[in-house]
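Breakdown of the fold
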Amino acid sequence: MSPSQLKWYTWFCILVGHVCIFALSLTSGQYRSTGTMSEEWMKGLGSHISDGFESSTSTYVVTMLSSPLNEPVSCEDLEGVGSFNTTCLLNSNFSLNSDLHIRGSGNLEILPHVSIICPIEGCMITFNMSGNVKIGQYAAIVAGSVVFAAANLTMGYNSSINTTSLGGLPPSQTSGTPVGYDGGGGGHGGRGASCLKNNQTSFWGGDVYTWSKLSEPWSYGSKGGGTSTKIPFGGNGGGRVKLQVKDMLYLNGSVTAEGGDGGTTGGGGSGGSIFIHAVKLKGYGTISAAGGRGWGGGGGGRISLDCYSIQEDVKVTVHGGLSIGCPGNSGAAGTYFNADLLSLRVGNDNITTETETPLLDFSTSPLWAHVFVENSAKVLVPLLWTRVQVRGQVSLYRGGSIIFGLSEFPVSEFELVAEELLMSDSIIKVFGAFRVAVKMLLMWNSRIEINGGGNTIVTSSVLEVRNLIEMRHKSVISSNKNLGVYGQGLLKLTGHGDTIKAQRLSLSLFYNITVGAGSLLQAPMDDDASRKVVTKSLCESETCPLDLITPPDDCHVNYTLSFSLQICRVEDLLVHGVVKGSVVHIHRARTIIIATDGRISASELGCSKGIGKGNYLNGAGSGAGHGGRGGSGYYNGRVSNGGNEYGDANFPCELGSGAEGANQSYGNVVGGGMIVMGSIQWPLLRLDVYGSLSADGQSFDKAARNSNGSIIGGLGGGSGGTILLFLQELRLLAQNSSLSVVGGKGGPRGGGGGGGGRVHFHWSKIEFRDEYTPFASISGSINRSGGNGDDGGSHGYDGTITGKKCPKGLYGTFCKECPVGTYKNVEGSDAHLCIPCSVDLLPRRAEFIYVRGGVTRPSCPYKCISDKYRMPKCYTPLEELLYTFGGPWPFAILLSCILVLLGLLLSTLRIKLVGSCSHDRAGSVEDHNRHRFPSLLSLSEVRGTRVEETQSHVHRMYFMGPNTFREPWHLPYSPPDAIIEIVYEDAFNRFIDEINSVAAYDWWEGSVHSILSILAYPCSWSWKQWRQRNKIHRLQEYVKSEYDHSCLRSCRSRALYKGMKVGATPDLMVAYIDFFLGGDEKRLELVSIIQKRFPMCIIFGGDGSYMSPYNLHSDSLLTNLLGQHVPETVWNHLVAGLNAQLRMVRHGSIRTHLIPVINWINSHANPQLEFHGVKIELLWFQATASGYYQLGILVVVGDYPLQSVHQLNTWDRSDNELPRSNSACARKCLKQMQQSWPYAGHALSIKRITGGINGGLINHTTLRSMEYKKDFLFPLSLLLNNTRPIGRQDTLLLLISVMLLADLSVTLLMLLQYYWISLGAFLAVLLILPLSLLSPFLAGLSALFSKENRRASLARVYALWNATSLSNIVVAFICGIFYYSFSFFQPPDQSNTWNTRREDDKWWLLPTVLLLFKLIQARFVDWHIANQEIQDYSLFCPDPDAFWALEAGT
């Protein structure tokens, strides 16, 4: 043995012995304990090391120290200060040429900038201290192996423990150093790079070794290979570092065991080994076992950190060395093992490499926690079968990759078991089969590529991810063999480029699968060979695959099954991207939602030939057939028939057929594939389609060429495929959503179109009748059309769309209810099975109604057109009442009979209670006058009026005005001529002021009257009567008791309060004051006063209205005064006759109605009165400022010269002596009459004649100039007017009784009708005006059963209520017009177009009948009032002689 060989052998023995002894000491020591290291452990460690040194240096020893190695080295020996057993400070540099061993129980501090160097390969420096060790800044310890044992170890800034390129010999029987001279890098933790490696070969440099010592590495790195025999080796391998720290290692420097630099003449050395044990590792330092740079980079070494706590700022690197000869292929990364966490990290610090780091096996006891492959590291699992199992994550980051198996032998089977598989910008390649069992798989821009090669014996790959699979940013999982992806959670392909594809793909057991926008699920692959493998058996068989109809429950991927892409046992499937396959089978799913941008497609993935393949004959290519026959091809007069139909339309399960040319150069087209969702046993719960679901045939879009290159006719289009849906509910919700099995278009120059495919809906559960719910909502399109032909080629025939047979009441593909108004009593889906229902039995105002589940019997149900009508005949409540008694006419007859009987009963009861109303026509005029107005109110009308009152009467002064709240009574100022001599003028004017103030009404009385006039006019009339009556009593009381009569000249009259009395007409329209002599006047004065009584003015009562007609009230005083000239019987008969004429005068038509009065006075009255020296004239009196004037007569006695007064003198005086109360209106009337009088030939000064009462004569001439005012109630005068009596009072009262009852009956019926229309209409009719609709009945009963003296006045109140109720009838018409006009313009229900009947339009009948009854009642009441007020019918005798003859007889 040569000395050099002996030297290397001795050095190797020393190193091996040191390693063995040191390992034994570590296994026996408790370096993790908190107590101090025992002296026995330290002595044992030192003795083992010294013994090893002795044995190794017995033949060759090199030392610098004077003391031998087997003796302890003191601090002084190293030129330090202190002791190793206390504290030693080393402050001198040392350069050693042999191993160094230091031990002690104290502390050690290597001061800054101190270096301890042993630059010999494999040289070992050991520090074994019980205390703390501190390495100062920029201090360095350099050797082949460095070992530290201390309680705490602190490395200062830029301090270093460096074994780079000082490694000794690697373990025997290893291949870390490359063989040959290609300059490959050395291997250790990772393979060394070889620049000979390319894509076709698998050469590398040195191989890996000491995989079993991964947790406690203690091996040198290997040398790099040389490039020639002169330079057999490259860079040296890295050394070894072992740091055993009891507590804390504070690292701010560097610990390195990197490979040596091989330069351009050799490969880089591989990294060495670093093992660090400490409780805590802190600082900002670096730990590196990187490979060395060289022609081929050296592989990384091995690092193991056994630390409970590691600060993240500590940098650990094991990357391979850079390759000069091939910069893109550095040495493979080494291994970094965390022995505390049991995690392996392989990282190449983003240095690109094509060289792998083999992972030979994985610990099963205990299991590793994590495996990280990152930063462009490549890991190879090269075994035939292996199981990679960790307790935590398998993570690939930033260009990391794992390769399972060998590309030359893709028959291996690999299993990866972990909690999580996390991938980011990384790749997993598998050559063979791959089984993954993790809880979570997250991928970001990563790929899992499974390559089964061309081997058919490779089993299926399975990814079993229990919780979550999420793929983002163009992540891909692909397999050219069968692939099953199983899980129990969520599978989410997030966005564009995310893909899962395989030859056969099965996704199962997820509760949700989301295919994001731009994502893809695909099976088979894009090549035709992969498609044909899947479709071959289906294209050659007409038998429906059983596994598609009743698939197995296990959902496992199996190459014997028919599907290419299966989604099984998935709760919800949401598709925003594309799901594509030849046979897409979705089985045991709950809901599927295809979003707007989503698509499930089997288009152009069916058969290349198939059963209905298209033909090609001499350039004429026909389309393929399926659901419809293919279109014929046409080229140069030659016709090629299209492919035949095949399959069952009611249960299709075939692929679409294709077409091929004469040879492969012509190309081919492919038919549509097949989409099956659900199964007979497990139907799909719901399918929502917003996007598309298609199995279209392929179109041929290029011209075919023959062998010489000339263009000939193209191929026909492929036929559409099959969409078979077993489901419960379908919703095509968007307008552009679609189901499509369209045939492909024919090629140029006569290609025929492909036939349409088949769509079948197999509804799993069709509820009917009351349990029916619509299960199909179609807004999109279902397209089954054949493809278009080209240039003479015919179109393909349409395919079929079918559904399961519908039960009774339902029809169509989607089993909808038969249209309203039709029924279906047989099973089937054809629309003609829905038969229209008969409308003969449909009631008026009824329409057929929707019935849930359709109608199954010929008698279709119906409902009334409004809920207000009542079933079954759709009558209103009123009609129900009518038809209860047989209909409108029988009810009307029955009601009429009842009303007549009740009228007779009411009349009988009235006669019994108040007596008969019949009377003797020959009754005296005095009786008539007494009963004309039973409520006469006159103080002077007292039976047995004393003669002395008649003799002492001087003058009757009338109040002016209509006695209303707006214009009450008032007396004019200035005493009349007749009383000028018996009153003091000043005192009289004061009396006028006082009496006028008493006659005025309070404001609230008028307010109440106005309110009542709006709400209930008859009540306002009664209120006015009551207040007027109270006013008369007040005036009487004032004059009788309160006024002192101070205006009278007579002392006796003032003393006795008997000179003036107030009286009024019975209708309270005219009031007056009678003046009497006191009895103490002089004789001459008395005669003069009495002579002034005549001419006498008598003003009519009333105002010409219906309630207060004009009348001449002749009380006993007037009768006695006139009885001095005219017999009392004559006067009374004249008054009765004149009143009979006056009661028919209406103020609104006064010009017309006064003519008969004037004629009667001229024909009946004056001829008889002139016999007694008396004459009367009709005059108007006392015009007020409002235009109101009073009518009356002027009684002239003797030969009073009426025509002797000069006209000019008369009117001059009239103008000069107008009272202060007269107005311009009065003057206007006087001027008008002044203009008319010259034509009449009469000149009369009324004021002069009457002694101060202004007015004017009314005759045929002056009548035309009279003014009158019509109020807003004038139209009612056409209904309410005073007529002549007709007699037959008992019959008339019977008719009134019947009409009163009929009015009430019709009113109640009308209210019932309007209550049915609406509550608002009912209240409007009833309350506008309030009380007006029902009060006529009560007022009528009151009038019928009243005593005779009040019968006429109550009858007028009854008539007034009857007229007021017309407002309610008007409201009824308005409400009816509004309601029924709105109903008329409302469009009818579109679903009931066969029955457009609307609501009854005869609503107006009852209001019209009631209006007629009101009019008839008004006329009857007018006659009744006339009979009551005019009981002597002879008063209307037109012959004056007969008139006065009846008076003589009386």
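Each helix and strand in the protein was counted, giving 26 helices and 74 strands. Out of the 1450 residues belonging to the protein, those deemed buried represent 56%. Relative to all contacts within the protein whose residues are 6 or more apart in sequence, the contacts with residues 24 or more apart total 67%. Split by element, the accessible area of the protein, about 60200 Å² in all, is 55% carbon and sulfur.

Another aspect to go through is the state of the cysteines. Under the criterion given, the structure shown has nine disulfides. A sulfur-sulfur distance of 1.8 Å marks the disulfide that ties Cys539 to Cys607. The sign of the -100° torsion about the S-S bond sets the Cys539-Cys607 disulfide as left-handed. Taken together, the residues span a long stretch of sequence, with Cys539 in helix α3 (residues 528-539) and Cys607 in the loop between β43 (599-601) and β44 (616-617) at a distance of 68 residues. The disulfide partner of Cys806 is Cys815, and the S-S distance across this bridge is 2.1 Å. Across the S-S bond linking Cys806 and Cys815, the dihedral sits near -95°, which makes this disulfide left-handed.

A word on the layout of surface pockets. A volume near 900 Å³ is recorded for the second largest pocket. Lining the second largest pocket are 30 residues; nearest its centre among them are Leu878, Leu882, Pro888, Leu1405 and Leu1406. Elements with a contribution of two residues or more to the lining of the second largest pocket: α5 (877-884), α6 (888-914), α20 (1289-1317) and α25 (1405-1429). The dominant element in the lining of the second largest pocket, judged by the number of residues it contributes, is α6, at eight residues.

All right, on to the sheet that holds strand β69 (residues 1060-1064) then. Taking strand neighbours across the sheet as the criterion, the three strands line up as β68-β70-β69 in an open arrangement whose pairing is antiparallel. Looking along the sheet, the strands with just one partner apiece sit at the ends: β68 (953-958) and β69. The mean inter-strand angle of the sheet, taken between neighbouring strand axes irrespective of direction, is 25°. Contacting β69 and β70 (1071-1076), helix α11 (residues 1017-1042) runs over the sheet at an angle of about 170° to β69.

The next thing to look at is the pairing of strand β42 (residues 591-594). Where strand β39 (residues 572-575) and β42 come together, four bridges link them in parallel fashion. Within β42, the residue paired with Val575 across the bridge is Ile594. Relative to strand β51 (residues 686-689), β42 is paired through four bridges, and the arrangement is parallel. Directly across from Thr591, in β51, lies its bridge partner Arg686.

What follows covers α6. Its 27 residues give α6 an end-to-end C-alpha distance of 37 Å, which sits within 8% of 39 Å, the value for a rise of 1.5 Å per residue. Taken together, the buried positions of α6 are occupied by Phe891, Leu895, Leu899, Gly903, Leu906, Ser907 and Arg910. Downstream of α6 by one or two residues, Gly915 has phi in the positive range, about 90°.

Within the largest apolar cluster, 92 residues are counted, with the highest numbers of intra-cluster contacts made by Phe434, Ile600 and Leu687. Contact partners of Leu687, with chain neighbours within four places excluded, come to Ile592, Ile594, Met677, Leu693, Leu725, Leu727, Glu729, Leu730 and Arg731. Ranked by size, the runner-up nonpolar core spans 69 residues in total, among them Leu882, Phe891, Ala1321 and Cys1375.

Strands sit in the order β3-β6-β9-β12-β15-β17-β19 across an open sheet of seven strands; the sheet is parallel. Each of the sheet's edge strands pairs with one partner strand only, and the pair in question is β3 (94-95) and β19 (315-317). Strand direction decides the pairing type here: strand β6 (residues 115-117) and strand β9 (residues 140-142), joined by three bridges, are parallel. Bridge pairing in β9 links Ile116 to Ile141.

On to unusual backbone geometry. Put simply, Ser365 and Pro366 share a cis peptide bond, and its omega is -5°. Pro872 follows Met871 through a cis peptide bond whose omega is 0°. Locating Pro872 in the fold gives a position in the loop between β67 (862-864) and α5. Unlike most non-glycine residues, Leu1068 shows phi in positive territory, near 65°. Considering the arrangement of structural elements, one finds Leu1068 in the loop between β69 and β70. For Leu1068, a relative accessible area of 1% gives the class buried.

Along the polypeptide, His626 turns up in the loop between β45 (620-621) and β46 (633-635). Judged by its relative accessible area of 0%, His626 falls in the buried class. Polar contacts involving the side chain of His626 include one to the side chain of Glu654, which spans 3.2 Å. Among the polar contacts listed, one links the side chain of His626 to the backbone oxygen of Gly721, at a separation of 3.5 Å.

Conventions adopted
- Throughout this description, residue numbers start from 1 for each chain and increase along the sequence as written.
- In keeping with the model being predicted, local features are shown solely for residues with a pLDDT of at least 70 and side-chain atom pairs are shown and tallied solely at 80 or more, while totals for entire chains, interfaces and linings include all residues.
- For side-chain calculations, the full set of non-hydrogen atoms in the structure is used, while hydrogens and water are omitted.
- Secondary structure elements follow DSSP: runs of H or I no shorter than four residues count as helices, runs of E no shorter than two count as strands, and numbering proceeds from the N terminus.
- For every residue, the accessible area obtained with a 1.4 Å probe (protein chains only) is divided by the maximum for its type, and the residue is called buried under 20%, exposed over 50%, and partly exposed between those limits.
- Any two residues having at least one pair of non-hydrogen atoms within 4.5 Å are treated as being in contact.
- Only the protein chains shown count as cover for residues, and the accessible areas themselves come from Shrake-Rupley with a 1.4 Å probe.
- The disulfide criterion used throughout: a pair of cysteine sulfur atoms within 2.5 Å.
- Grid points spaced at 1 Å over the protein atoms alone were grouped into cavities, where a 1.4 Å probe fits but cannot get out, and pockets, open sets with protein on both sides within 12 Å along at least five of seven lines, with lining residues defined by an atom within 4 Å of a point.
- Grid points are joined across faces, edges and corners, and a volume is the space filled by probe spheres set on the points.
- DSSP calls a pair of strands paired once it identifies at least 2 bridges connecting them.
- To get an axis, a line is fitted to the C-alpha atoms, and for a helix only the part in contact is used. The angle between two axes follows their N-to-C directions and goes from 0 to 180 degrees.
- Helix span, as expected, comes to 1.5 Å for every residue beyond the first.
- To define a nonpolar core, start from buried Ala, Val, Leu, Ile, Met, Phe, Trp, Tyr and Cys residues and group those joined through side-chain atoms within 4.5 Å.
- Identification of polar contacts relies on pairs of N or O atoms within 3.5 Å, with a donor-acceptor requirement for protein atoms, meaning one able to donate a hydrogen and the other able to accept it, and with residues adjacent in sequence counted only if both atoms are side-chain atoms.

All we've got here are geometric facts, nothing functional implied.
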